[in-house]
Amino acid sequence: MRVDLHQVRRRLEGDEQRLSRYAARTSTSRGRARPEAPSPVRTDYQRDRDRILHTKAFRRLKHKTQVFIAPAQDHFVTRLTHTLEVAQVARTITRALNLNEDLAEAAALGHDIGHGPFGHAGEEALAACLPEGFRHNYQSVRVLDKLEGNGQGLNLTFEVLDAIGKSSKTRDDIFAEGWGVPETLEGQVVKTADAIAYVNHDIIDAIRAGLITEEDLPHTAKNDLGRSHSERLNTMICDIVEASWAATGAGENPVIQFSPRVHAAANELREFMFRRVYLYDSTLAEAERGKTIVTFLFRHFVAHPEGISTDYSLPDDPVERRAADYVSGMTDLFAIRVAKELGCEQAVGWRGHSSG
């Protein structure tokens, strides 16, 4: 018996109608820049998720820095494992709040895809090189909307690109607006899930690297969030579901939020990580070395544009933009290798973080 695949599509859209009245839906999406016929067996957000997963840029995340640059040990978090943890946290929260899990997953998988080599150090170096600056969240949108797909982009939905472009935060608060508030609650979930994931897994890496111990964590964080990785994650996720319950149907202005107690403890823990890990002397020393390599590579390829791969840039763009796209697409190890071949002293003898 022949199956009508469009029945699958209708069932999936019917499932979306049972979500919270505040959830994003395919039927109310602002759509794609270029209209496409719908998939018979996937919603538009599921299709976006799959397109992101199959990109070359997504694969390269496995060799990009989270905190510790080019680590020599196996168990440090990479940008890829961070991304998968963000997706897991975002899916748990959206499912619990009866929001659109597919939209949250797609945005989570794409939110860091524009990160360059050496994490935020590489980002700062490129921002200093480019006249218009450089932000990894905007670069993530650029990669997905312009550079992937042989220079045609992936033609993702507005809601996914909006959530990715506004996923970054500033240091002052875990809910800081930063580069904008996502238009969907699912996008707000991803923005918060990012912080929940990195604060917790970076603690494990920092302990592994010998920078801190579990006992060094703030007293309030241990009391209000928990005394282990799993306890802290569980507390923060459960609290955000409970505090954001208005998103499932009650209240006129739903927002993703923590309770005041957990919000304060999460901010204190995040600030502790900035002071003791992200801005620690040895971490900063590695970061400076990474920034030097990125700056060296950018200047080299501006002077020698014939070396820029057409897989990572658009041929009609200004040479500075092409160089930034190419260098930002590099993994840590590839950037080190290329810089070493080109004579960059900072790349010679790099061993990576070997603790743990």
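Residues numbered from 1 in each chain as written. Predicted model: local features only at pLDDT ≥ 70, side-chain atom pairs only at ≥ 80, totals over all residues. Heavy atoms only, no water.

Engineer: Give me the overall build of the chain: which residues, what numbers.
Structural biologist: Helix and strand content of the chain: 15 helices and zero strands. Relative to a compact globule of 356 residues, whose C-alpha radius of gyration would be 21 Å, the chain shows 21 Å and is just as compact. Judged by the C-alpha coordinates and their principal axes, the chain covers about 60 × 55 × 40 Å. Of the accessible surface of the chain, which amounts to about 15,800 Å², a share of 51% is contributed by carbon and sulfur atoms. (Helix = DSSP H or I, 4+ residues; strand = E, 2+ residues; numbered from the N terminus. Rg over C-alpha atoms; globule rule 2.2 N^0.38 Å. Areas by Shrake-Rupley, 256 points an atom, 1.4 Å probe, with all protein chains shown as cover.)

Engineer: How would you explain the packing of helix α7 (residues 136-151) against helix α14 (residues 319-328) if you had to name every residue and give the values?
Structural biologist: The contact between α7 and α14 brings their axes to 12 Å, and the two run at 100 degrees. By the angle between their directions, the pair α7 and α14 is classed as roughly perpendicular. Side by side, α7 and α14 meet where Gln139, Arg142 and Leu147 of the first sit next to Arg321, Asp325 and Ser328 of the second. Across the contact of α7 with α14, the residue classes break down as one nonpolar, two polar and three charged. (Axes fitted to C-alpha atoms, helices over the stretch in contact; angles between N-to-C directions. Parallel < 35°, antiparallel > 145°, perpendicular 65-115°, else oblique. Contact = heavy atoms within 4.5 Å. Nonpolar A, V, L, I, M, F, W, Y, C, P; charged D, E, K, R; others polar.)

Engineer: An account of the pattern of salt bridges is needed here, citing residue identities and associated values.
Structural biologist: Under the defined criterion, the tally for this structure stands at 32 salt bridges. For Arg91, the salt bridge identified is with Glu105, shortest N-O distance 3.9 Å. Of the two residues, Arg91 is situated in helix α4 (residues 79-96) and Glu105 in helix α5 (residues 101-110); the sequence distance between them amounts to 14 residues. One salt bridge in this structure joins Asp325 and Arg321, with 2.9 Å as the shortest N-O distance. In this pair, Asp325 and Arg321 both sit in helix α14, four residues apart, roughly one turn of the helix. Assigned by exposure class, Asp325 and Arg321 land together as buried. (Salt bridge = Lys/Arg side-chain N within 4 Å of Asp/Glu carboxyl O. Buried < 20%, exposed > 50% of the residue type's maximum accessible area, 1.4 Å probe, protein only.)

Engineer: Now, about the nonpolar core: what can you tell me, with residues and values included?
Structural biologist: Counting 71 residues, the largest nonpolar core has Ile93 and Ile212 as the members making the most contacts within it. If near-sequence neighbours (up to four positions away) are discounted, Ile93 is found in contact with Val189, Ile196, Ile237, Ile240 and Val241. Core analysis: the second largest hydrophobic core is formed by 25 residues, Phe298, Ile308, Ala324 and Ala335 among them. (Core = buried A, V, L, I, M, F, W, Y, C linked by side-chain atoms within 4.5 Å.)

Engineer: Any details on the packing of aromatic side chains? Residues and values, ideally.
Structural biologist: One pass over the full model with this rule turns up five aromatic pairs. For the pair Phe301 and Tyr326, a centre-to-centre distance of 4.9 Å together with 75 degrees between the ring planes defines the contact as edge-to-face. Of this pair, Phe301 sits in helix α13 (residues 281-303) while Tyr326 sits in helix α14, placing them 25 residues apart in sequence. Aromatic pair Tyr312 and Tyr326: ring centres 5.8 Å apart, planes at 35 degrees, arrangement tilted. (Phe/Tyr/Trp six-rings, centres within 6.5 Å; stacked < 30°, edge-to-face > 60°.)

Engineer: Before we move on, can you summarise a nonpolar patch on the surface with the specific residues and values?
Structural biologist: Together, Val3, Leu5 and Val41 line one region of the surface with nonpolar side chains, adding up to about 250 Å² of accessible area. Tracing the chain through its elements places Val41 in the loop between α1 (6-17) and α2 (44-53). (Patch = residues over 30% accessible without salt bridge, like charges linked within 9 Å, V, L, I, M, F, W, Y side chains within 5 Å.)

Engineer: Describe α14, and please don't skip the residues or the numbers.
Structural biologist: In terms of residue burial, α14 counts as a mostly covered element, since eight of its ten residues are buried. Those residues of α14 hidden inside the fold are in contact with α6 (119-129), α7, α13 and α15 (332-341).

Engineer: Please set out unusual backbone geometry residue by residue, giving values where relevant.
Structural biologist: The residue Asn98 is not glycine, and still its phi comes out positive at about 60 degrees. Mapped onto the elements of the fold, Asn98 is located in the loop between α4 and α5.

Engineer: Which residues make up α15, and what are the values?
Structural biologist: The set of residues buried in α15 consists of Asp332, Ala335, Ile336, Val338 and Ala339. Of the surrounding secondary structure, the elements contacted by the buried residues of α15 are α13. Taken from the residues just after α15, Gly343 is the one with a positive phi, measuring 95 degrees.

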